[in-house]
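# Per-entry structural report
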Amino acid sequence: MRKTNIPLKTELLPGTLEMLVLKSLERNAQPMHGYGISLYLKQVSGDVLQVEEGSLYPALQRLAIKGWVKAEWGQSENNRRARFYKLTPDGRKQLKEEVANFERTLDAILSVLQPA
Amino acid sequence: MFKRILQYWRRLLFYVRRDRFDRELEEEMNFHLEMKARENLAHGLSAEEARYASRRQFGNQTLIHEVSRDLWAFRSWERLAQDLRYGLRILRKHKGFTTVAVLTLALGIGANATIFSAVYAVLLKPLPYSQPDQIYSIGVVIPERREQLGILAPRIHDFLEWRKAGFSEMADMTPAEWNLTGDGEAERVGGARVSANLFSFLGVPVVHGRSFFAEEEVPGKDRVIVISDSLWRRRYGANPKLIGSYIVLNGNPHTVVGIASPSLLVPTGMQLHRMLPFSQRIDVWKPLAPSPRELDGEYWNQGVLVRLKPGEHVERGRQLLQSVHNKFNREMVPDLKTDFLIELAPIREIYSGKLRLGLLLVLGASSLLLLIACANIANLFLARVTSRAGEFAIRIALGAGRSRVVGQLINESIIIAVLSGAIGAIIASFGARILAVYGPEEVRLLAGSNLSLVVILFSAVISLGAGVFSSLIPAWQAYRQGAATGLQEGARMTLGARRSRRFQRILVGVEMALGTALLASSGLLLHSFIKVMNADRGYHIERVLAADLTPSGQRYSNDQQRVGYYRELTQNIRSLPGVQAAGAISDLPASAGTSGASQTIFYDNDTNFMSVVMQRPLALIRSVTPGYFAASGSALRAGRFLKEEDQTPVAVISESLARRLWPAESPANVIGRTFRQGDVTGPLISILGIVEDARPGSVDQELWPQIYRPHQQWPSGRMTLVVNTFQEPTTLAAAVRAEIKQMDPNVPIIAMRTMREIVSASVAERRFQLILTSLFAFVALLLGAAGVYGVISYSVNCRTREIGLRIALGAARSDVMRWVFSDGMRPVLIGSVIGLGGAVLIAQTLRSVLFGIAPTDPLSLGSVGIILLLTSALACYFPAHRAARVDPMVALRHE
């Protein structure tokens, strides 16, 4: 399998988008659709994190392949058909690991940047 | 692990619902865009601006869609499928190339798979017995006689003693034949007298009825038989009521107790032992209940099989037997100075022993052929790599990886390999069927006519191997060629092309070397075959008819009657018009080889049997009617032939026996001397004549001394009538047959063949090797010529411009011809010289197959060289001719 990276015009660290998507799904008890996730990310980060919205969709597919999210069609707020994503137990576990990893990396980076 | 499988499962599902995936992703993204547009609209943008902004913020929708799809798809597989499709398209476009390549490879694969089917059946496939690896046949060697006798078949009391000593897993069989009468025409049936446990020993139980009881191994109780499935069907219409009823063998009723399994494999002919002539068809088994006479005599005529304990080493088993044997032998013959050696041979050797070398030889020949085919295809590919340089360069320039281009090439050759593998398998299925019918006896016995799975796998593996193998050099060449050269003007004359031409020449050289080796080997085999066929056997081969007869039953119960029968018959036959001479012999030298009775020959002054028996020669004893020598055409060296009137014990002996007994004497001085046969107490036999040695039909067996006794003095029931005719012997076959029937319709004619047919049958293995090897060599020659032709004409094409230029500058046409010839013949010459050297080496290892010629036989090797040179020269001629015809004006505008 060849990994294809699509260019993300974003300030995101590589690989973090998927973690953010998982986190969004964890925070919201309800299943979310792609547009909802993008809205949520923008709101929570206060427009700091610039995500090319389209790139959400390959990320969601990747998560679906891994079995970390589950997709189901449902009705949107305005009664349109939309695909809703839900975190699976595997996804929850994965998120926990990734967050822990990320924090460790971040700590390390911070300790380099701010010498005691 | 489990998660991984789940992932693949999800991805597989994706394949099934691909369209739905596309639709849903599209819908999902459209939903997003719409929501976004709505949001932008709310921010006060116009409808069009809102839509545009939403698209901009979203990114490249098509790319995103593709990327998402790629996430799911099995990319590398799809790429493979793509390459395959492309390869198929290319191959379809170049039909000529594809056809030639596929057929070439298919021939190679078909030949190999055919031969492998025989090799597998004879050498590799487990024999149809239970635990066949534990079964060995037992041979006995008299150390002092090893040279002449080799390994002997055991005697009946050997078998009985071994069995008594506790070797319970042991079976015995000895050749037997009977006249079967009643329920139709009298016929001679072949079979064996066997120990009661034979069927259970082999692990192939009788399918109807029962096999024998141990108590039936006693004279008087042994009139029970098991018959073969084929006899049961052929003669009795598979009547189940036959079991328990009587059939008449040699005039005596026998109870049929069982029908053997149709798949029972037993040795026929001389497979089990070269001195144990079993019939070609084994139809009847009878318990071996040795008569007192048999128990008393020295008959080395038992085929004894032993089953070793699981895991027991052969040598250990041999030693056990040896110690038992030594013990009883010393008790039985205390003054015998020698210990007979026990030898064990795996049962597979019974069926494959004689054929192994020949089969491997032919397999070697067919693999050479396959190599040549591979070289040929590699050459074709190389030429195409150079001519497709432009295509490759464009593909590389457009972003294809070099490896992908090379992969593409390997891909194409694998497609060709798969196609040729399929065609090769079809060829092999015909070939195997032909072998199963016309091949050597062992192949016919063991090979089914259907290809086994193993053979199909074999052809699949070799075809893939051949595909990859033949694309290696072209692929490497394509890799090195890369992008740079292809796009330039006149790419054909570039460095890459030159290098590629050098490779082509090397390949032609290799092809020629392999082809020469193959051709030379088959030349040596052919010359040997001619030598064998023309060898002086000591009897006429042309215009001789031979019929095997066995008078038996009430009318021929004593020797007198049998002798009378043959005397009258030969007289009657002699009076037939067209008959030159007629006689009869107990074991026809052409077919019997060294089988039949043999006895030790003693000087008339020998007195102590034990002290001299090992030093005296052993001779085959043949019983002949007086007319035999005239009919066989054997030359008299001294003395005279036998006459009807000879009363006192007399004999005609073979030249080699005379030399052996009286090395210092001339043949004339031996006439009138006397000897004893079998024992020092026997009657004195005086020598009437000395006759040239008679060799077996296959000639290459060892030569045994022979003694010919008058039929009336050494009677034999089964005799071969030998008729020397004035014309083609087959024209008299009907008359001879009628004469035999007229004398007594109840005497079955077992076989009637011309001497030429008998000799021809006895060299069947030789012919098998020769025909296949020559066939392969012929194909190899054609492939080699095609290779030379292809390379030279390609080279001429590439150099058209250069040649035109040279002609324009004044080169004579003959010069051009010479260039092309020397260009083409150089690799041929180098290759053939290497090949001839290789052939001599191969022939060294095949010494035992050669006859009457040295491995360096100049006639064979020389003619092979000439054939090769002529063929290659012919292959060069056409391109050379074309080159000489090049019109300088046209050539200079070329390209």
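Residues numbered from 1 in each chain as written. Chains lettered and ligands numbered in written order. Predicted model: local features only at pLDDT ≥ 70, side-chain atom pairs only at ≥ 80, totals over all residues. Heavy atoms only, no water.

## Topic: the overall build of chain A
This is how the line gets drawn: For helices the rule is a DSSP run of H or I covering at least 4 residues; for strands it is a run of E covering at least 2, with both sets numbered from the N terminus onward. Should any heavy atoms of two residues lie within 4.5 Å, those residues are counted as being in contact. In short, Shrake-Rupley with a 1.4 Å probe defines the accessible areas, and a residue's cover is counted only from the protein chains shown.
Across its full length, chain A carries four helices and three strands. Along its sequence from the N terminus, chain A presents helices and strands in the succession α-β-α-α-β-β-α. Partitioning the intrachain contacts of chain A with sequence separation of at least 6 by distance along the chain shows that 52% fall at a separation of at least 24. Carbon together with sulfur atoms contributes 54% to the accessible area of chain A, which is approximately 7000 Å² in total.

## A short note on the overall build of chain B
Put simply, the rule reads: C-alpha atoms define the radius of gyration, and 2.2 Å times the number of residues to the power 0.38 defines the globule rule.
Helix and strand content of chain B: 32 helices and 21 strands. In terms of C-alpha radius of gyration, chain B reaches 38 Å, well past the compact-globule figure of 29 Å for 895 residues. In terms of overall dimensions, chain B has a C-alpha envelope of 135 × 80 × 55 Å along the principal axes. Sequence-distant contacts, at least 24 apart, represent 80% of the contacts inside chain B between residues at least 6 apart. Summing over all exposed atoms, chain B offers an accessible surface of approximately 39700 Å²; the carbon and sulfur share of this is 59%.

## Details of the pattern of salt bridges
Residues and elements named next belong to chain B. For clarity, the threshold we go by: What counts as a salt bridge is simple: a side-chain nitrogen of Lys or Arg found within 4 Å of a carboxyl oxygen of Asp or Glu. The classification of residues rests on relative accessible area computed with a 1.4 Å probe and restricted to protein chains. Under 20% of the type maximum is buried, over 50% is exposed, and intermediate values are partly exposed.
On inspection of all chains with the given rule, the structure shows 41 salt bridges over all chains. For the salt bridge of Arg818 with Asp815, the shortest nitrogen-to-oxygen distance reads 3.1 Å. With a gap of three residues between them, Arg818 and Asp815 both fall in helix α30 (residues 813–845), about one helical turn apart. When its relative accessible area of 52% is taken as the criterion, Arg818 is described as exposed. Overall, Asp815 belongs to the partly exposed group, its relative accessible area being 22%. Because the salt bridges share partners, they merge into one network encompassing Glu187, Arg234, Arg235, Arg281 and Asp283.

## Some remarks on the environment of B:Val455
As for its position among the elements, B:Val455 is in helix α18 (residues 453–481). For the pair B:Val455 and B:Phe116, spaced 339 residues apart in the sequence, the C-alpha separation amounts to 6.8 Å.

## So, the interface of chain B and chain A
So the rule is basically this: Note on definitions: buried area is the accessible-area loss of two parts on being combined, 1.4 Å probe, summed for both.
If you look at the interface, chain B gives 28 residues, while chain A gives 33 residues. Each partner contributes to the roughly 2900 Å² buried at the junction of chain B and chain A, and carbon and sulfur atoms together form 57% of this total. Three residues, B:Glu28, B:Phe31 and B:Leu71, lead the burial of chain B against chain A; their summed loss comes to 23% of the area buried on that side. Across the chain B-chain A interface, the total number found is five salt bridges.

## Some thoughts on the nonpolar core
All names here are of chain B. Formally: Each nonpolar core is a collection of buried residues, namely Ala, Val, Leu, Ile, Met, Phe, Trp, Tyr and Cys, held together in the definition by side-chain atoms within 4.5 Å.
Within the largest apolar cluster, 107 residues are counted, with the highest numbers of intra-cluster contacts made by Leu105, Tyr129, Leu202, Phe212, Trp285, Leu305 and Phe776. Broken down by element, the residue count for this core peaks at 13 residues, all from helix α28 (residues 764–798). With residues up to four places along the chain from it excluded, the contact list for Phe776 reads Ala111, Ile115, Val362, Ala365, Ser366, Leu369 and Leu518. The next biggest cluster of nonpolar side chains, apart from the first, holds 33 residues, and it includes Phe159, Met170, Val613 and Trp704.

## A word on the packing of helix α2 (residues 18–42) of chain B against helix α3 (residues 47–58) of chain B
A pair of packed helices is captured by two measures, namely the crossing angle of their axes and the spacing between those axes. Residues and elements named next belong to chain B. Under the convention used in this document: To obtain each axis, a line is fitted to C-alpha atoms, and for helices this fit is confined to the stretch in contact; angles are then taken between N-to-C directions over 0 to 180 degrees. Under this scheme an angle from 65 to 115 degrees is roughly perpendicular, one under 35 degrees roughly parallel, and one over 145 degrees roughly antiparallel; angles in between are oblique. Here is the rule for handedness: rotate from the far helix to the near one, and if that takes an anticlockwise turn smaller than a right angle the crossing is left-handed, while a clockwise turn gives right-handed. Charged residues are taken to be Asp, Glu, Lys and Arg, nonpolar residues to be Ala, Val, Leu, Ile, Met, Phe, Trp, Tyr, Cys and Pro, and polar residues to be all remaining types, Gly included.
Where α2 meets α3, the axes come as close as 8 Å, and the angle between the chain directions of the two elements is 130°. Here α2 lies oblique to α3, going by the angle between them. The element α2 and its partner α3 pack so that their crossing is right-handed. Packed against α2, whose contacting residues are Met29, His32, Leu33, Lys36, Ala37, Asn40 and Leu41, the element α3 presents Ala47, Ala50, Arg51, Ala53, Ser54, Arg55, Gln57 and Phe58 at the interface. The residue inventory of the contact of α2 with α3, partitioned by class, reads eight nonpolar, four polar and three charged.

## Some points on the packing of aromatic side chains
All names here are of chain B. Convention followed: Here a Phe, Tyr or Trp ring, Trp counted by its six-membered ring, pairs with any other such ring whose centre lies within 6.5 Å, and the pair is stacked when the planes are under 30 degrees apart, edge-to-face when over 60, and tilted otherwise.
Applying the stated criterion across every chain yields a total of 16 aromatic pairs over all chains. Between Phe116 and Tyr120, the aromatic rings sit 6.2 Å apart at their centres with planes inclined by 25°, giving stacked as the arrangement. One end of the pair is Phe116 and the other is Tyr120, both in helix α6 (residues 95–124) and four residues apart, which spans about a single turn. What makes Phe116 buried here is its relative accessible area of 11%.

## What to know about helix α1 (residues 16–27) of chain A
Residue and element names in this part refer to chain A. What counts here: A helix's residues, less one, multiplied by 1.5 Å, set its expected span.
Between its terminal C-alpha atoms α1 stretches 16 Å, which fits the 16 Å expected from 12 residues at 1.5 Å a residue. Thr16, Leu17, Glu18, Met19, Val21, Leu22, Ser24 and Leu25 are the residues of α1 that are buried. In the core, the buried residues of α1 are packed alongside β1 (32–33), α2 (34–45), α3 (56–66), β2 (69–75), β3 (81–87) and α4 (89–113).

## Remarks on the packing of α2(A) against α2(B)
Across the interface, α2(A) lies against α2(B) with an axial gap of 8 Å and an inter-helix angle of 45°. With respect to α2(B), the axis of α2(A) lies oblique. The residues of α2(B) that touch α2(A), namely those facing A:Gly34, A:Tyr35, A:Ser38, A:Leu39 and A:Lys42, are B:Phe31, B:His32, B:Met35, B:Lys36 and B:Glu39. Looking at the contact of α2(A) with α2(B) residue by residue, the classes come out as four nonpolar, three polar and three charged.

## Re a nonpolar patch on the surface
Threshold: Only residues whose relative accessible area exceeds 30% and that form no salt bridge are eligible for patches; like-charged ones are grouped when within 9 Å, while nonpolar side chains (Val, Leu, Ile, Met, Phe, Trp, Tyr) are grouped when within 5 Å.
A surface patch of nonpolar side chains, amounting to about 340 Å² of accessible area, comprises A:Leu106, A:Ile109, A:Leu110 and A:Leu113. Note on placement: A:Leu113 falls in helix α4.

## A few points about the side chain of B:Glu24
Here B:Glu24 shows up in helix α2. Here B:Glu24 falls in the buried class, since its relative accessible area comes to 13%.

## Side note on a positive patch on the surface
Stated precisely, the cut-off is as follows: Counting rule applied: Lys, Arg positive; Asp, Glu negative; His and chain ends not counted. Here the site of a charge means NZ on Lys, CZ on Arg, CG on Asp, or CD on Glu.
Taken together, the side chains of B:Arg85, B:Arg89, B:Arg92 and B:Lys95 present a region of like positive charge at the surface. Position of B:Arg89 among the secondary structure elements: in helix α5 (residues 75–93).

## Remarks on the sheet that holds β3(A)
All names here are of chain A. Defined as follows: Pairs of strands are assigned from DSSP output, requiring at least two bridges between the strands.
Taking strand neighbours across the sheet as the criterion, the three strands line up as β1-β3-β2 in an open arrangement whose pairing is antiparallel. Each having just a single partner strand, β1 and β2 make up the two edges of the open sheet. With two bridges joining them, β1 and β3 adopt antiparallel strand pairing. When the sheet's bridge partners are listed, His33 is paired in β3 with Phe84. Along the sheet face, α1 touches β1, β2 and β3 and points at about 90° away from the line of β3.

## Here we look at the side chain of B:Thr98
Residue and element names in this part refer to chain B. Condition: Within 3.5 Å is the distance limit for a polar contact, defined as a pair of N or O atoms, with the added protein rule that one can donate a hydrogen and the other accept it, and that residues adjacent in sequence qualify only through two side-chain atoms.
By the secondary structure assignment, Thr98 is in helix α6. You can call Thr98 buried: its relative accessible area is 12%. A distance of 2.6 Å separates a polar side-chain atom of Thr98 from the backbone oxygen of Leu91.

## Brief notes about the pairing of strand β13 (residues 598–603) of chain B
Residue and element names in this part refer to chain B. Looking at chain direction, β13 and strand β14 (residues 618–624) are connected through three bridges and run antiparallel. Directly across from Ser598, in β14, lies its bridge partner Leu620. Across three bridges, the pairing between β13 and strand β17 (residues 674–677) is antiparallel. Bridging across to β17, Tyr603 finds its partner in Phe675.

## So, the confidence of the model for chain A
Put simply, the rule reads: pLDDT expresses how confident the predictor is about each individual residue, on a scale running from 0 to 100.
Looking at chain A, the pLDDT average stands at 81 and 85% of residues meet or exceed 70. The model gives residues 1–10 of chain A a pLDDT under 50, and that stretch makes 17 contacts with residues more than four places away or in other chains.

## A closer look at the confidence of the model for chain B
Residues and elements named next belong to chain B. Looking at chain B, pLDDT values average 86 and 97% of them are 70 or higher. Mean pLDDT across the elements of chain B bottoms out in helix α32 (residues 888–893) (75) and peaks in strand β8 (residues 284–287) (96). Across residues 489–493, confidence stays below pLDDT 50; counting only partners more than four residues off in sequence or on other chains, it has nine contacts. Scoring the predicted complex yields pTM 0.74 and, for the interface, ipTM 0.82.

## Overview of the environment of B:Ile771
Looking at the element boundaries, B:Ile771 is found in helix α28. With 340 residues separating them along the chain, B:Ile771 and B:Gly431 place their C-alpha atoms 13 Å apart.

## What to know about the pairing of strand β7 (residues 252–259) of chain B
All names here are of chain B. Of all the eight residues making up β7, six are buried; the element is thus mostly covered by neighbouring parts of the structure. Examined bridge by bridge, strand β4 (residues 208–209) and β7 share two bridges and lie antiparallel to one another. Residue pairing for β7: His208 is matched across the bridge by Ile259. Pairing of strand β5 (residues 224–227) with β7 involves four bridges; the strand directions are parallel. Note that in β7 the partner of Val224 across the bridge is Thr255. As paired strands, strand β6 (residues 246–249) and β7 are joined by four bridges and run antiparallel to one another. The partner of Ile247 across the bridge, within β7, is His254.

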